[in-house]
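# Coordinate inspection notes
These are the residues of each chain, in order.
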Amino acid sequence: MSKVLVSDPIDQAGIDILSQVATVDVKTGLKPAELIEIIGEYDALMIRSGTRVTQEIIEAGTQLKIIGRAGVGVDNVDVPAATRKGIVVVNSPEGNTIAAAEHALAMMLSLSRHIPDANASVKRGEWDRKTFVGAEVYKKTLGVVGLGKIGSHVASVARAMGMKLLAYDPFISTERAEQLGCQLVDLDLLFQQADYITLHIPKTPETTHLINAATLAKMKPTARIINCARGGIIDEAALAAAIKEGKIGGAALDVYESEPLGESELRSLGKDLILTPHLGASTSEAQVNVAIDVAEQIRDVLLGLPARSAVNIPGLSPDILEELKPYMQLAETLGNLVGQLVGGRVETLNVTLQGELATNKSQPLVVAALKGLLYQALRERVNYVNASIEAKERGIRVIETRDASVRDYAGSLHLEATGTLGTHSVTGALLGDKEIHLTDVDGFPINVPPTKYMLFTLHRDMPGIIGKLGSLLGSFNVNIASMQVGRKIVRGDAVMALSIDDPLPDGILDEITKVPGIRDAYTVTL
Ligand SMILES: NC(=O)c1ccc[n+]([C@@H]2O[C@H](COP(=O)([O-])OP(=O)(O)OC[C@H]3O[C@@H](n4cnc5c(N)ncnc54)[C@H](O)[C@@H]3O)[C@@H](O)[C@H]2O)c1
Ligand SMILES: O=C(O)[C@H](O)COP(=O)(O)O
């Protein structure tokens, strides 16, 4: 039975799902060294933001097949390191959207009305109504930075509260922004005009310290900033200085440059700074959503099924993957076959997607072809996650061509590989939507289903060759299951494809190429 390690607090609903297919160990609060010591036993790791999955941990996870992040942000996972090791990384892109958006809105209102400090004051026994005079958000301008899932929900609710909305998101269309009642503006204008600025972007090299001394200086002295996205988007030292010096009105933070927040000047600031301990996703509803979402994906991957929200393999709906499955098998088989025909180091792979395969949703077929191509070199270490990266690291140039014209089959796939030892090509299609057939080898038409052991010859189409080859194989006790010749012209060049019952014994290929008329012979194991 598979083993899953859950290293952060996860809702029981997720544990129940995992327990259907695996032994589940819940061990929270592990130190990195403790995690490194035990991770080698596990097939899957399920985390929230509390566990940093470093390259070292990934290297130690020799059995790991999947890392599941019960939440959105995977910035605590070294995704490139996981990808290189062929480990799927999945998350729950939508499970906590509403929770995070509501937390940002709650922060905005709390900041405007000093609710945390007013509450603390009453509980201390005071009755201070002067210190806590607030501001209304109605008719104020909210600048939304990042108009994705959370930013959009914040915008919709803020609009209903009568706020004017500005938004900055270079990847969102004007139409989408307008639908949400937002005016798309550049960042400088947003900083200058907003009374409230709410951040809903990922932390990337471009967004790190987006809010810094220089950008804070552009804001209104009354501006309030809310960060429920990621720590590090705000330069905390610059923010603390700006609040102290009255350069901005205040801020509310849920996330920090380093978590848990340690010794920090932020802790000493008064009512104009609200701090919560990364609570954006901490609602019971969101925790059930993300736990179920991610546990289901871990279960599926452990059962050999695709994950629906993998961050490091082409994201495709299960329906499309199901539809593509037979073609994925075709692509992988052809990749494996052409890789063996070409031998040596492959430099270029031309992939032609023909007929019904010439659509954008066929992208995974290219990955499957690469997986097949690299199988001889990498065996079980190559998979759908790391095939593209492994190909890139080996300098294999992949050229894709899409040709929507329909020929003999509704859809066919043609692979041509060029390597240090020459060029070979194969074409294949599905018969009756399921059965893989080779329809062409090196430009010669054939029609054979691939089998585990095969022999291909390039020879001159002349009498006696087939008999001689048959006798030679017989003398080595090799049984031929089927044989077919493909030729373009009579007595010209031809290709012979033989299915054999066992692998060819050593040395026989040399004997085959000594048969007069046979120029080349290749044996493959699929
Ligand atoms: N505090 C929490 O507990 C909590 C919970 C959930 C999500 N989050 C964080 O909230 C953030 C938003 O999550 P989401 O689910 O809305 O993500 P999302 O992918 O739906 O939206 C992110 C948006 O940011 C935009 N964007 C990317 N780079 C940008 C840039 N340089 N400038 C402006 N816009 C840019 C993208 O176009 C996208 O529209 C993420 O950082 C996520 O990790 C935090
Ligand atoms: O990216 C997320 O989903 C949030 O930051 C939530 O993090 P958490 O799962 O640790 O609460």
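Each value, and the rule that gives it
- Residues numbered from 1 in each chain as written.
- Chains lettered and ligands numbered in written order.
- Predicted model: local features only at pLDDT ≥ 70, side-chain atom pairs only at ≥ 80, totals over all residues.
- Heavy atoms only, no water.
- Near = heavy atom within 4 Å.
- Polar contact = N/O pair within 3.5 Å; in protein donor to acceptor, adjacent residues only side chain to side chain.
- Areas by Shrake-Rupley, 256 points an atom, 1.4 Å probe, with all protein chains shown as cover.
- Nonpolar A, V, L, I, M, F, W, Y, C, P; charged D, E, K, R; others polar.
- Domains from an automatic or database assignment.
- Salt bridge = Lys/Arg side-chain N within 4 Å of Asp/Glu carboxyl O.
- Buried < 20%, exposed > 50% of the residue type's maximum accessible area, 1.4 Å probe, protein only.
- Phe/Tyr/Trp six-rings, centres within 6.5 Å; stacked < 30°, edge-to-face > 60°.
- Lys NZ or Arg CZ within 6 Å of the ring centre and 35° of its normal.
- Core = buried A, V, L, I, M, F, W, Y, C linked by side-chain atoms within 4.5 Å.
- Helix = DSSP H or I, 4+ residues; strand = E, 2+ residues; numbered from the N terminus.
- Contact = heavy atoms within 4.5 Å.
- Expected span 1.5 Å × (residues − 1).

### A few points about the site of ligand 1
Close to ligand 1 lie 25 residues; K149, I150, D169, I201 and C228 are nearest. Between ligand 1 and I150, the relevant distance is 2.9 Å, taken from an oxygen atom to a main-chain nitrogen or oxygen of the residue. A distance of 3.4 Å separates an oxygen atom of ligand 1 from a polar backbone atom of G280. When ligand 1 sits alone it has 860 Å² of accessible area, and the protein chains cover 86% of it. Among the residues forming the shell around ligand 1, the class breakdown is 13 nonpolar, eight polar and four charged.

### Focus on the domain arrangement of the protein chain
For the protein chain, the domain assignment lists domain 1 (3-93 + 285-303), domain 2 (133-270), domain 3 (313-450) and domain 4 (452-521). Centre-to-centre separation of domain 1 and domain 4, based on C-alpha positions: 51 Å.

### Let's talk about the site of ligand 2
In the vicinity of ligand 2, the residues found are R48, S49, R69, A70, G71, V72, G73, N96, R230, H278 and A281. Between ligand 2 and R69, the relevant distance is 2.8 Å, taken from an oxygen atom to a side-chain nitrogen or oxygen of the residue. One of the side-chain N or O atoms of R230 is found 2.6 Å from an oxygen atom in ligand 2. Taking 310 Å² as the accessible area of ligand 2 by itself, protein coverage stands at 91%. Broken down by class, the residue content of the shell around ligand 2 amounts to three nonpolar, five polar and three charged.

### Considerations on the pattern of salt bridges
Counted under the stated rule, the structure contains 20 salt bridges. In this structure, E126 engages R124 in a salt bridge whose closest nitrogen and oxygen atoms are separated by 3.1 Å. Look at R124 and you get exposed, because its relative accessible area is 57%.

### Quick notes on the packing of aromatic side chains
For any two aromatic rings, the description comes down to two numbers: the centre-to-centre distance and the angle of the planes. Evaluated as defined, the whole model comprises zero aromatic pairs. Geometry around Y42 places K3 over its ring, the cationic atom sitting 4.9 Å from the centre.

### Focus: the nonpolar core
Counting residues in hydrophobic clusters, the biggest one holds 46 residues, and the most contacted among them are L349, L413, L415 and F456. It is helix 13 (residues 318-342) that contributes the most residues to this core, 10 residues altogether. The residue makeup of this core includes at least three contributed by each of domain 3 (313-450) and domain 4 (452-521). Those residues within four positions of L415 in sequence are excluded, and the remaining contacts are A331, L334, G335, V338, L349, N350, V351, A369, H424, S425 and V426. In terms of nonpolar packing, the next biggest core, distinct from the first, is built from 32 residues, L166, L199, I201 and L266 among them.

### Brief notes about helix 12 (residues 284-302)
Its 19 residues give helix 12 an end-to-end C-alpha distance of 27 Å, which sits within 8% of 27 Å, the value for a rise of 1.5 Å per residue. Once helix 12 ends, the next one or two residues include G304, with phi positive near 85°.

### Here we look at unusual backbone geometry
Across the chain, the bulk of peptide bonds are trans and the bulk of non-glycine residues have phi less than zero. Following E259, the chain continues to P260 via a peptide bond in cis, the omega torsion being -5°. Among the structural elements, P260 can be located in the loop between strand 11 (250-253) and strand 12 (273-275). You will see that D442, though not glycine, has its phi angle at about 50°, which is positive. Positionally, D442 belongs in the loop between strand 17 (435-441) and strand 18 (444-448). The residue R491 is not glycine, and still its phi comes out positive at about 65°. If you trace the backbone, R491 turns up in the loop between strand 20 (480-487) and strand 21 (493-500).

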